[in-house]
Amino acid sequence: MKDALLKTLAGLIFGFLGAALISWIVGESPLFVMKVMFESAFGSVYNFGLSLFYATPLIFTGLSVAIAFHAGLFNIGAEGQLALGALAATCFALWFPSLSPWLGIPLALLFGAIIGGFWGWIAGWLKEKRGSHEVITTIMLNFIAAAIVSWLVTKVYQSPIVQSPETAEISEHYFIQERDPLYQIFDGAPISIALLFAIGLAIGVWVLLFKTKLGFEIRALGKSESTAEVSGISSSKVRQIAMFLAGACASFVSFAEIIGSAGKYRLGFSPEYGFMGIAVALLARNNPIGILFSAFLFGALHKGAADLDIETEFVTRDLSLVIQSLILIAVAIAIEWKKGRRA
Amino acid sequence: MSNLSPVIEAKNLSKAFGSFYANENISFSIPKGEILGIIGENGAGKSTLMKMLYGQLRPTSGQIHIDGKETSLTSPRDAIARGIGMVHQHFMLAENHSALENIILALGIASFRLMPHKSVRKRLEKLCSEFGISVDLEKPVGELSVGQQQSIEILKLLYLDSNLLIFDEPTAVLSPNEIENFFTILRGLREAGKTIVVISHKLKEILSISDRVIVLRHGKIVAERTTKETNLGELADLMVGAHFERREVIASNLSAATTVFEVKDLSSIESDSRLKKISFRVREGEILGIAGVEGNGQSELIRALMNPIKYRAKGEITFCEKNVSAYSTLELRSLGMSILPENRIKEAVILDWSSRDNFLLGHQNKKEFIKNSWIQEQALGEKALAAYKEYDLRPLSLTHHLSEFSGGNQQKIVVARELWNQPKFIIAAHPTRGVDIGAIERIHLAIQDVKKQKGSVLLISSDLDELFRLSDRLLVICGGLVRGSFTKGEFSEEKVGRLMGGGQT
């Protein structure tokens with residue numbers, strides 16, 4: 001653990017050195033760029049809250065990818081799972097607008113998780129029935145999910161009072177932003193208790209994977225299918241459960257993005273959280289606790305890069321993405337660094 | 001033949017890892033045209049020594065002389081350039097490529113040049129006929145038998161003009177026929193003036209193939225013998241460092257015992273029909289051996305017995321008086337079946353898990369280890385440690401990853417786990433393959449203990465010594481058919497060997 005932190009730190013230092021070099025090349029003061037990035041992530045309670053806000057959905061999708069990874073499956077489908085799951089949660093809120101928050105929100109999340117989980121499960125089931133590779137099926141399922149969601153939003157749940165493709169607003173029983181303690185603490189940043197839920201979920205996933213029988217079976221399957229089989233583990237069952245859980249985790253993005261901040265389903269609200277989740281999970285080596293940190297790193301850099309575009313003269317939007325990616329790559333290299341490894 | 005000057009000479013070679021000496025003051029010389037056997041237990045320093053000769057490790061002190069000149073080898077490439085070649089225990093072949101392509105790959109030709117298929121093939125064919133090697137150069141290597149893969153490795157070295165060929169445990173994965181074939185090739189190489197080093201812990205084979213034997217123990221040479229002047233007993237004692245006693249195995253009186261496991265007319269469903277109406281039964285307290293050259297239906301049989309629902313076969317399987325023909329592995333395991341699978345690394349363990357977590361595999365439904373789906377870590381640790389202690393696991397550790405244990409100790413872990421809690425029936429497939437002599441003894445003892453506790457064993461092996469020693473009855477299979485059956489006392493290498501080869505008694 002200490003080792004991992006030191007490596008991350010070393011990676012950050014090298015990454016920022018690279019960022020400084022790029023800034024200097026384009027004619028921006030490296031120190032100023034560093035200052036902007038730091039202030040944008042940590043400069044105020046509000047800014048810090050925004051970094052956390054960006055991190056929250058990535059925790060969910062990171063966990064989704066990680067669970068599947070532990071079962072030896074590459075879940076490229078978190079994007080589709082979160083889209084359908086989040087829409088399902090929104091629909092639940094629209095259908096039962098007057099339930100009390102204590103009942104309504106958990107039920108909406110649960111319903112979303114079932115639909116998102118179902119979407120993940122399809123890939124596990126297809127692998128079982130037809131031997132279809134999950135990378136192909138999850139990618140295809142993303143397209144199908146996107147089409148279903150845009151049809152439902154524009155044709156069925158379209159809000160009549162706006163031009164853009166989005167649903168009506170969920171009732172204030174579900175949309176809790178004004179009463180959200182984190183919203184108040186962080187000075188009005190759109191952060192919500194979804195962050196606490198995400199942290200709890202990460203711990204829960206860790207416990208599931210490393211302390212329970214199901215987790216043991218998932219990990220055994222992921223490490224060696226043949227060994228799992230000889231040990232009497234049903235690869236078929238475990239694979240389907242793992243994909244269901246992956247889809248369910250991805251669906252919780254709705255907590256942060258819809259219940260916690262937007263209050264409605266906007267078509268295309270996710271800037272590809274599902275795909276970023278892959279990087280988040282890989283950077284954390286699929287460790288659920290590590291995902292909390294790597295998601296935060298992604299969130300903070302995302303925030304910093306956005307502000308670079310605004311605050312500086314020469315670091316454009318594209319260049320800021322270069323800087324963001326450079327730092328992430330440096331961290332990824334540092335974390336995987338092993339002593340004495342030769343070519 | 002040994003009056004020629006030495007091809008390679010080691011002078012006081014030592015290799016230290018920290019304060020631990022894996023090799024200490026090793027000196028020997030090998031003359032041209034000699035087959036030298038190097039024997040020793042796991043951890044005796046054989047591999048370290050070979051790695052120094054092959055340039056993978058640099059000696060801490062001492063020198064290597066090649067053709068009389070002092071040489072420092074810095075890499076395998078360096079060693080190859082000086083005519084030293086090595087065949088590793090696990091072959092270094094790309095399975096999707098043909099033999100020809102594999103050999104071209106080994107030549108290290110620059111990437112953008114066209115591959116010289118024609119000229120390479122010509123020379124290979126010449127080498128093949130010269131040394132009596134027959135191998136399909138076009139088929140993907142993965143589809144060839146292990147013996148043929150080994151031949152390809154040898155061809156590779158011959159193509160590279162190696163004069164000193166080092167073999168690391170060359171017979172570990174070969175069937176008896178293939179071993180004979182391999183020895184013939186080795187003798188041919190010797191005739192052609194090649195120098196050969198064979199590392200092994202199979203004493204019988206070393207005795208039959210080598211001219212001279214060096215015994216390593218704790219990193220030092222403890223003895224050097226001319227093969228003609230030594231014998232099995234002496235070598236075993238030298239290797240282990242104590243007088244080594246093989247216990248005699250007592251056959252049980254089984255005429256009245258009940259049948260625990262029965263197979264009736266088991267045949268494959270696929271058209272290739274690797275299994276043809278195999279029938280047998282295993283009685284309480286009995287070890288039933290199945291002898292056969294590898295690839296004659298053993299793997300299919302094992303699969304059909306341990307996971308009948310997935311690997312469906314025609315016929316009926318009965319276990320504990322239940323028809324289990326459509327059971328899953330899990331259901332069979334909960335009825336009291338245990339499995340020592342054919343391929344330890346692939347099917348029995350997870351290499352980057354701790355020895356503790358590996359103990360849980362197969363026991364993940366037992367109350368002792370899982371309560372309300374929570375893993376009982378304390379109980380798991382205690383029970384695993386107790387079991388490992390009983391098998392003298394080294395290092396006796398719960399936290400080391402499986403990959404950090406030697407092959408013999410990995411297998412002890414698997415045996416300790418599978419025999420925990422007195423299973424009623426065990427499928428033991430090649431239980432001592434690639435395992436050193438000490439561990440073999442321990443594992444054989446454990447299998448006999450199963451019998452004492454009224455458990456039954458189906459022992460599938462290609463090692464006749466092992467089968468003869470442990471089995472109460474022995475079936476011989478060839479081409480998916482049961483060709484003959486013997487009871488203890490009637491076993492004879494000729495008869496069984498003939499049936500294994502497809503002949504008649």
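Computed from a predicted structure; not experimentally measured. (Residues numbered from 1 in each chain as written. Chains lettered and ligands numbered in written order. Predicted model: local features only at pLDDT ≥ 70, side-chain atom pairs only at ≥ 80, totals over all residues. Heavy atoms only, no water.)

### Thoughts on the interface of chain A and chain B
Line of reasoning, step 1. Counting residues at the interface gives 18 residues for chain A, matched by 28 residues for chain B.
Line of reasoning, step 2. Between chain A and chain B, the buried area comes to about 2000 Å², and carbon and sulfur atoms account for 58% of it.
Line of reasoning, step 3. The largest contributions to the chain A side of the interface with chain B come from Lys213, Phe216 and Val230 of chain A, which together make up 34% of the buried area.
Line of reasoning, step 4. Summed over the shared surface of chain A and chain B, the result is three salt bridges.
Line of reasoning, step 5. A salt bridge links Lys310 of chain B to Glu229 of chain A; its shortest N-O distance comes to 2.6 Å.
Line of reasoning, step 6. On inspection of chain A and its partner chain B, the count reaches 13 residue pairs in polar contact (both at pLDDT 80 or more).
Line of reasoning, step 7. Counting only elements with at least two residues in the side of chain A that touches chain B, the list comes to α8 (194–211), α9 (213–223) and α10 (225–230) of chain A.
Line of reasoning, step 8. The leading source of residues in the side of chain A that touches chain B is α9 of chain A, at six residues. (Contact = heavy atoms within 4.5 Å. Buried area = accessible area lost by both parts, 1.4 Å probe. Salt bridge = Lys/Arg side-chain N within 4 Å of Asp/Glu carboxyl O. Polar contact = N/O pair within 3.5 Å; in protein donor to acceptor, adjacent residues only side chain to side chain. Helix = DSSP H or I, 4+ residues; strand = E, 2+ residues; numbered from the N terminus.)

### Points about the pattern of salt bridges
Line of reasoning, step 1. All chains considered together, the criterion is met by 32 salt bridges over all chains.
Line of reasoning, step 2. For the salt bridge of Lys156 of chain B with Glu153 of chain B, the shortest nitrogen-to-oxygen distance reads 3.3 Å. Linking Lys156 of chain B with Glu153 of chain B, this pair stays in helix α5 (residues 146–159), spanning three residues, or about one helical turn.
Line of reasoning, step 3. Under the relative-accessibility criterion, Glu153 of chain B is labelled buried at 3%.
Line of reasoning, step 4. With a closest N to O distance of 3.1 Å, Glu286 of chain B and Arg283 of chain B form a salt bridge.
Line of reasoning, step 5. Since its relative accessible area comes to 18%, Arg283 of chain B is described here as buried.
Line of reasoning, step 6. A single network of salt bridges, built from pairs that share partners, joins Glu166, Glu169, Lys264 and Arg266 of chain A. (Buried < 20%, exposed > 50% of the residue type's maximum accessible area, 1.4 Å probe, protein only.)

### Considering helix α1 (residues 46–53) of chain B
Spacing of three or four residues puts side chains on the same side of an α-helix, whose turn is 3.6 residues.
Line of reasoning, step 1. Burial analysis of α1 of chain B places six of its eight residues in the buried class, which makes it a mostly covered element.
Line of reasoning, step 2. Listed as buried for α1 of chain B are Lys46, Thr48, Leu49, Met50, Met52 and Leu53 of chain B.

### Re the pairing of strand β16 (residues 337–340) of chain B
Look at any regular strand and the pattern is simple: side chains alternate between the two faces of the sheet.
Residue and element names in this part refer to chain B.
Line of reasoning, step 1. Side chains Met337 and Ile339 project from β16 onto one buried face, and the interleaved Ser338 and Leu340 project onto a second face that is buried too.
Line of reasoning, step 2. In terms of strand pairing, β16 meets strand β19 (residues 425–429) through four bridges, oriented parallel. In the sheet register, Leu340 faces β19, and the bridge partner there is Ala428. (Pairing = 2+ DSSP bridges.)

### Here's the deal with the nonpolar core
Line of reasoning, step 1. In this structure, Tyr265 of chain A together with Val496 of chain B are the most contacted members of the largest nonpolar core, which totals 147 residues.
Line of reasoning, step 2. If one sorts the elements of this core by residue count, helix α3 (residues 45–70) of chain A sits on top with twelve residues.
Line of reasoning, step 3. Both of domain 1 (1–28 + 318–343) and domain 2 (60–186 + 204–275) of chain A provide at least three residues apiece to this core.
Line of reasoning, step 4. Contact partners of Tyr265 of chain A, with chain neighbours within four places excluded, come to Ala83, Ala86, Leu87, Thr90, Val149, Val153, Pro165, Glu166, Thr167 and Ile258 of chain A.
Line of reasoning, step 5. In terms of nonpolar packing, the next biggest core, distinct from the first, is built from 47 residues, Leu100, Tyr159, Leu165 and Ile437 of chain B among them. (Core = buried A, V, L, I, M, F, W, Y, C linked by side-chain atoms within 4.5 Å. Domains from an automatic or database assignment.)

Any functional reading would require information beyond the geometric quantities listed.
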